[in-house]
Protein chains: 2
Amino acid sequence: MHFKDALPLQSGASIRAYDLSYETYGVLNADKSNAVLICHALNASHHVAGVYLDESGQVQAKSAGWWDSMIGPGKPVDTDRFFVIGVNNLGSCFGSTGPMQTNPDTQAIYGADFPVVTVEDWVDAQALLLDALGIQTLAAVMGGSLGGMQALAWTLRYPDRVRHAVVVASAPNLNAENIAFNEVARRAITTDPDFHGGHFYRHGVLPKRGLRIARMIGHITYLSDDVMNEKFGRLQVAPTLVAAPTPFKYSTQDVEFQIESYLRYQGDKFSEYFDANTYLLITRALDYFDPASAYGGNLSLALAKASAKFLLVSFTTDWRFSPARSREIVKALLDNQRDVSYAEIDAPHGHDAFLLEDTRYLGVVRSYFNSKVAV
Amino acid sequence: MHFKDALPLQSGASIRAYDLSYETYGVLNADKSNAVLICHALNASHHVAGVYLDESGQVQAKSAGWWDSMIGPGKPVDTDRFFVIGVNNLGSCFGSTGPMQTNPDTQAIYGADFPVVTVEDWVDAQALLLDALGIQTLAAVMGGSLGGMQALAWTLRYPDRVRHAVVVASAPNLNAENIAFNEVARRAITTDPDFHGGHFYRHGVLPKRGLRIARMIGHITYLSDDVMNEKFGRLQVAPTLVAAPTPFKYSTQDVEFQIESYLRYQGDKFSEYFDANTYLLITRALDYFDPASAYGGNLSLALAKASAKFLLVSFTTDWRFSPARSREIVKALLDNQRDVSYAEIDAPHGHDAFLLEDTRYLGVVRSYFNSKVAV
């Protein structure tokens, strides 16, 4: 969807002549009351569910949407009932206007000049997309992690346009440790000599070294200690077959342990497809999000504006956005006598759990949509 | 102390004509029964206590030893009673032979050719230093974190030469997450274009970008979530004085939050004095340490060799080497009917707590040395 008019941003800047990539699933009903907006986190896109077919009609490998276990016909967010919209956020690198695209004012690639966007800016852009689709009110807005922050922001910015908010594995703001991890990842990118102050496109290089480090750090924070120990522990890569006193290579630079190999692989893969400036922009949007800040840090006052009904979900082993952070939101909503359901799922997978198939997790969301979300 | 003879290493390599830097405090008694060896962790040295004076006899700023709250006259490890030895480990960069020095076989700077050393290698070198000092048996060996691993290794490698082991904020091995953090830090260093495969010395450059990132990651893991939130929270750097809708700069590269500023400062400082190859070597020594591995992972079997008496100390908010890891050691020692004292200190400072002044922590160590460690 192309947008001609300038979008004013929280920073005071604006962005004009931009596109938003989106996908829809299911059918919008006659009174347009069954729309569910899905908000994505750091490295996801508008492709939330289903698969892509190639020219011969075969399913493309690894083309499943990032929340395909959650969304589809007969799934917890049932596309036989709901009209689901996935949208790629401004500044991302999967089709919507972002740093890799041309600035209409200069005819140069934006790069580091792409304006800093916030969660609230994304919500504003999403609202304009809904306008263009003729949808006034959402049956629900839903997201995990940074996506959950967008869902929460929707209830504050457009309280009359959202009936339910489903906020999964999220937080009312980042704490110091969260910001710290973001900052290290950003520094790895911006101090990569191939970053060129964010204008690497014009130098024909990509700051892959920095992106790899950023992704490796990210992966550590997405997993729980438990699942890492269970999956990798101290397992070594292919054990040596020669007779030796120990199977180690005694090298500081070779891979010895499987966890090293896994992280390097994840870093390499990520650096091939993800835009460095997008990484900076999205982690900054995370850092900035803090609806309570305008209320002296009082989240209960901040959430007074929200009139939606809420489902909050957290995961016991998530140390990035721990259950305690979700409970802060629950408490602030209860302080305002809001209708809020909360499920703390005992899952071993850490923050990543929100993307995985877990019977209890999917069951809770299914029940919520079945019993609470009328169309 | 210079050592002429080659030291055989766990890797099968050896190192010859090496030096160990050490400091001593207090007086060795007549029967040489009051020696306490202090083992250091990643970025510390033989300078464990006391201060240095400049030429005019003034105390040099910031010259206090890294465990000065623990060791000295009248302190928990009382140098009026004990003869304390601090030693810089092989491969480090504070005086003992390491990658920055000249390989006697090639007359070139070692760089990446410095052999990989293990905790056990360090213990062997420390034992040779004791030989040279005429000390057969230690009243105690003591260390925190990686230093605690050395203390534990002492009790297994030279059980007859150590009467007490004090193991603080340590672990019987690294878990997957610990290795993961080490690996990300190493990759930041080795992929810095200024690293030159570890032979940066001959290029007249230093891989400071990588060292900065490594240190920033390290610092996050040394602190607890709680203390980070208390100390930094979401506090911003110098609030803007101009009228603006918000005090943010809306920049992905400038510092917005104090935690970012703190981490950048720590990274910058570290990159000025620490050797990159040493960083790789020491984190690898951490990765490799695993006394139970030769016993099919059974720590109780592994610790059967230890005959020393033990004090284990852990800190409640240490998520790098959590109390659970110390308890594994305690249990394995109890399985062998060993004499073990264990204190789990309720401290907010995370892993860093072992270096800080905490009344209860220092009190426990004081009581142990006063009541249990005869000279």
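Definitions and cut-offs
Residues numbered from 1 in each chain as written. Chains lettered and ligands numbered in written order. Predicted model: local features only at pLDDT ≥ 70, side-chain atom pairs only at ≥ 80, totals over all residues. Heavy atoms only, no water. Patch = residues over 30% accessible without salt bridge, like charges linked within 9 Å, V, L, I, M, F, W, Y side chains within 5 Å. Areas by Shrake-Rupley, 256 points an atom, 1.4 Å probe, with all protein chains shown as cover. Salt bridge = Lys/Arg side-chain N within 4 Å of Asp/Glu carboxyl O. Helix = DSSP H or I, 4+ residues; strand = E, 2+ residues; numbered from the N terminus. Least-squares fit on C-alpha atoms with pLDDT ≥ 70 in both. Contact = heavy atoms within 4.5 Å. Buried < 20%, exposed > 50% of the residue type's maximum accessible area, 1.4 Å probe, protein only. Pairing = 2+ DSSP bridges. Right-handed = clockwise from strand over helix to strand, strands pointing away. Axes fitted to C-alpha atoms, helices over the stretch in contact; angles between N-to-C directions. Buried area = accessible area lost by both parts, 1.4 Å probe. Polar contact = N/O pair within 3.5 Å; in protein donor to acceptor, adjacent residues only side chain to side chain. Nonpolar A, V, L, I, M, F, W, Y, C, P; charged D, E, K, R; others polar. Core = buried A, V, L, I, M, F, W, Y, C linked by side-chain atoms within 4.5 Å. 1 Å grid on protein atoms, 1.4 Å probe; cavity = no way out; pocket = protein on both sides within 12 Å on 5 of 7 lines; lining within 4 Å. Points joined across faces, edges and corners; volume = space filled by probe spheres on them. Parallel < 35°, antiparallel > 145°, perpendicular 65-115°, else oblique. Left-handed = near helix turned anticlockwise from the far one by under 90°.

### Brief notes about a nonpolar patch on the surface
Okay, so step 1: A surface patch of nonpolar side chains, amounting to about 270 Å² of accessible area, comprises Val 51, Leu 53 and Val 59 of chain A.
Okay, so step 2: Mapped onto the elements, Val 59 of chain A comes out in the loop between strand E6 (35-39) and strand E7 (71-72).

### A look at the relation of the copies chain B and chain A
Okay, so step 1: For the pair chain B and chain A, the best superposition has an RMSD of 0.0 Å and corresponds to a rotation of 180 degrees with a translation of 0.0 Å parallel to the axis. As the rotation angle and translation indicate, the two copies are arranged about a two-fold axis.
Okay, so step 2: Mapped onto chain A, 100% of the interface residues of chain B again fall at the interface, so both copies present the same surface.

### Details of the pairing of strand E12 (residues 309-315) of chain B
It is a general feature of regular strands that their side chains alternate between the two faces of the sheet.
All names here are of chain B.
Okay, so step 1: Taken across its 7 residues, E12 has 6 buried, putting it largely inside the fold.
Okay, so step 2: Direction of pairing for strand E11 (residues 164-168) relative to E12: parallel, over a ladder of 5 bridges. Residue pairing in the sheet places Val 166 in a bridge with Leu 311 of E12.
Okay, so step 3: Where E12 and strand E13 (residues 340-345) come together, 6 bridges link them in parallel fashion. By the bridge assignment, Phe 315 is partnered in E13 with Ile 345.
Okay, so step 4: Handedness of the β-α-β unit built from E12, helix H9 (residues 323-335) and E13 comes out right-handed.

### Quick look at the sheet that holds strand E10 (residues 140-144) of chain B
Residues and elements named next belong to chain B.
Okay, so step 1: Strand order in the open sheet made by the 7 strands is E5-E9-E6-E10-E11-E12-E13, with mixed pairing throughout. The strands lining the two open edges of the sheet, one partner per strand, are strand E5 (22-25) and E13. For this sheet the average axis-to-axis angle between neighbouring strands, irrespective of direction, equals 15 degrees.
Okay, so step 2: The pairing of E5 with strand E9 (residues 83-87) spans 4 bridges and is classified as antiparallel.

### Looking at the environment of Leu 333 of chain A
All names here are of chain A.
Okay, so step 1: Its location among the elements puts Leu 333 in helix H9 (residues 323-335).
Okay, so step 2: Expressed as a C-alpha distance, the spacing of Leu 333 and Ala 306, which sit 27 residues apart in the sequence, is 8.3 Å.
Okay, so step 3: In this view, Leu 333 contacts Leu 303, Phe 310, Leu 312, Arg 338 and Val 340; residues no more than four positions away in its chain are not counted.

### So, the interface of chain B and chain A
Okay, so step 1: Residue-level contacts link 56 residues of chain B with 56 residues of chain A.
Okay, so step 2: Both faces combined, the contact of chain B with chain A buries some 4900 Å², and carbon together with sulfur accounts for 63% of it.
Okay, so step 3: Its largest share of buried area at the contact with chain A, chain B owes to Arg 234, Tyr 250 and Thr 252 of chain B, together 15% of the area lost on that side.
Okay, so step 4: For the pair chain B and chain A, the number of links is 8 salt bridges.
Okay, so step 5: Ionic pairing is found between Asp 290 of chain B and Arg 234 of chain A, a salt bridge with its closest N-O pair at 3.2 Å.
Okay, so step 6: Counting every contact that joins chain B to chain A gives 26 residue pairs in polar contact (both at pLDDT 80 or more).
Okay, so step 7: Mapped by element, the contributors of at least two residues to the side of chain B that touches chain A are helix H3 (176-190), helix H4 (208-222), helix H5 (225-231), helix H6 (258-273) and helix H7 (276-288) of chain B.
Okay, so step 8: It is H3 of chain B that provides the largest number of residues to the side of chain B that touches chain A, a total of 11 residues.
Okay, so step 9: Across the side of chain B that touches chain A, the residue classes tally to 28 nonpolar, 13 polar and 15 charged.

### Digging into the nonpolar core
Okay, so step 1: Within the largest apolar cluster, 257 residues are counted, with the highest numbers of intra-cluster contacts made by Tyr 361 of chain A together with Tyr 361 of chain B.
Okay, so step 2: Among all residues touching Tyr 361 of chain A, those that are not within four sequence positions of it are Trp 67, Met 70, Val 168, Val 313, Phe 315, Ile 345, Ala 353, Phe 354 and Leu 356 of chain A.

### A word on the layout of surface pockets
Okay, so step 1: Approximately 1200 Å³ is the volume attributed to the largest pocket.
Okay, so step 2: Surrounding the largest pocket, 35 residues form its lining, Asn 43, Trp 66, Arg 215, Tyr 273 and Leu 355 of chain B being those nearest its centre.
Okay, so step 3: Those elements that provide at least two residues to the lining of the largest pocket are H4, H5 and H6 of chain B.
Okay, so step 4: Ranked by residue count, the leading element in the lining of the largest pocket is H6 of chain B, at 6 residues.
Okay, so step 5: Partitioned by chemical class, the residues of the lining of the largest pocket number 19 nonpolar, 10 polar and 6 charged.
Okay, so step 6: As a volume, the second largest pocket reaches approximately 990 Å³.
Okay, so step 7: If you go around the second largest pocket, you meet 28 residues; those closest to its centre are Asn 43, Trp 66, Arg 215, Tyr 273 and Leu 355 of chain A.
Okay, so step 8: The set of elements that each furnish at least two residues to the lining of the second largest pocket consists of helix H4 (208-222) and helix H6 (258-273) of chain A.
Okay, so step 9: Looking at which element gives the most residues to the lining of the second largest pocket, the answer is H6 of chain A, with 4 residues.

### Concerning the sheet that holds strand E9 (residues 83-87) of chain A
Residue and element names in this part refer to chain A.
Okay, so step 1: Strands sit in the order E5-E9-E6-E10-E11-E12-E13 across an open sheet of 7 strands; the sheet is mixed. Two strands bound the open sheet, and with one partner strand each, they are strand E5 (22-25) and strand E13 (340-345). Taken over all neighbouring pairs, the strand axes of this sheet differ in orientation by 15 degrees on average, direction set aside.
Okay, so step 2: In the packing of helix H1 (residues 119-132) onto the sheet, contacts are made with E5, E6 and E9, and the angle to E9 comes to roughly 135 degrees.
Okay, so step 3: The sheet strands contacting helix H10 (residues 359-371) are E6, strand E10 (140-144), strand E11 (164-168), strand E12 (309-315) and E13, and the helix crosses E12 at an angle near 180 degrees.

### Section: the packing of helix H3 (residues 176-190) of chain A against H4 of chain A
Residues and elements named next belong to chain A.
Okay, so step 1: One way to put it is that H3 packs onto H4 with a least axis distance of 7 Å and a crossing angle of 160 degrees. When the interaxial angle is binned, H3 and H4 end up roughly antiparallel. For the crossing formed where H3 meets H4, the hand is right-handed. From H3, Phe 181, Val 184, Ala 185, Ala 188 and Ile 189 reach across to H4, where they touch Gly 210, Leu 211, Ile 213, Ala 214, Ile 217 and Thr 221.
Okay, so step 2: Counted by class, the contact of H3 with H4 contains 9 nonpolar, 2 polar and no charged residues.

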